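Chain and residue survey
Here are the chains, one letter per residue:
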Amino acid sequence: MRLTLHTDYAFRVLMALARAPGEVKSVDDLAREFSVSKNHLMKVAQNLTAGGFVATVRGRNGGLRLAMPARDINLKAVALHMEPDFNIAGCFGGEPCSFLPHCGLKGVLGQAKLAFLQTLGKHDLASIT
């Protein structure tokens, strides 16, 4: 199982904000801290804002802050919001298997995906910062 960079960066942004509760951090500062593209991080911040995990603060000293306490931000909820889908193999996209029509791999991978999400669901942002 592999998360997209978008979700990886989302977790990192949330962790950075959780380590400085009440502080406002700019996307510029976060991009420099993580050595990543400001443009990419801006898209991540917009998505986190749309999901209600992050609030934006406007103005000269504006930026991002957590929209709720870190203990109220569930990691599974973040991953489900940030990931476009969790199709971990081609057959999860709804197309029939072109290799083996009666393949048992899809069921096993489905169980693995469920276990992955269940594990994330047991943790909140406060538990990883």
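The structure presented is a predicted model; accordingly, all values stated were derived computationally and were not measured.

Here we take up the overall build of the protein. The secondary structure content of the protein amounts to five helices and two strands. Overall, the protein shows an N-to-C arrangement of helices and strands of α-α-α-β-β-α-α. Relative to its full complement of 129 residues, the protein shows a buried share of 32%. Within the protein, contacts between residues separated by at least 24 positions form 65% of all contacts whose residues are at least 6 apart in sequence. Accessible surface, the protein as shown: approximately 8000 Å² in total, 53% of it carbon and sulfur.

This paragraph deals with the pattern of salt bridges. With the rule as written, the count across this model stands at three salt bridges. Notably, a salt bridge pairs K38 with D28, separated by 3.2 Å at the nearest N-O pair. With K38 in helix 3 (residues 38–50) and D28 in helix 2 (residues 27–34), this pair connects stretches of sequence that are 10 residues apart. For K38, a relative accessible area of 40% puts it in the partly exposed group.

In this model, helix 1 (residues 5–18) (14 residues) spans 20 Å end to end at C-alpha, consistent with the 20 Å of a helix rising 1.5 Å per residue. Burial of helix 1 is extensive: 10 of the 14 residues sit out of reach of the surface. Looking only at helix 1, the buried set comprises H6, T7, Y9, A10, F11, V13, L14, A16, L17 and A18. Here the buried face of helix 1 lies against helix 2, helix 3, strand 1 (54–57), strand 2 (63–66) and helix 4 (75–82).

Reading the values: rules and limits
- Residues numbered from 1 in each chain as written.
- Predicted model: local features only at pLDDT ≥ 70, side-chain atom pairs only at ≥ 80, totals over all residues.
- Heavy atoms only, no water.
- Helix = DSSP H or I, 4+ residues; strand = E, 2+ residues; numbered from the N terminus.
- Buried < 20%, exposed > 50% of the residue type's maximum accessible area, 1.4 Å probe, protein only.
- Contact = heavy atoms within 4.5 Å.
- Areas by Shrake-Rupley, 256 points an atom, 1.4 Å probe, with all protein chains shown as cover.
- Salt bridge = Lys/Arg side-chain N within 4 Å of Asp/Glu carboxyl O.
- Expected span 1.5 Å × (residues − 1).

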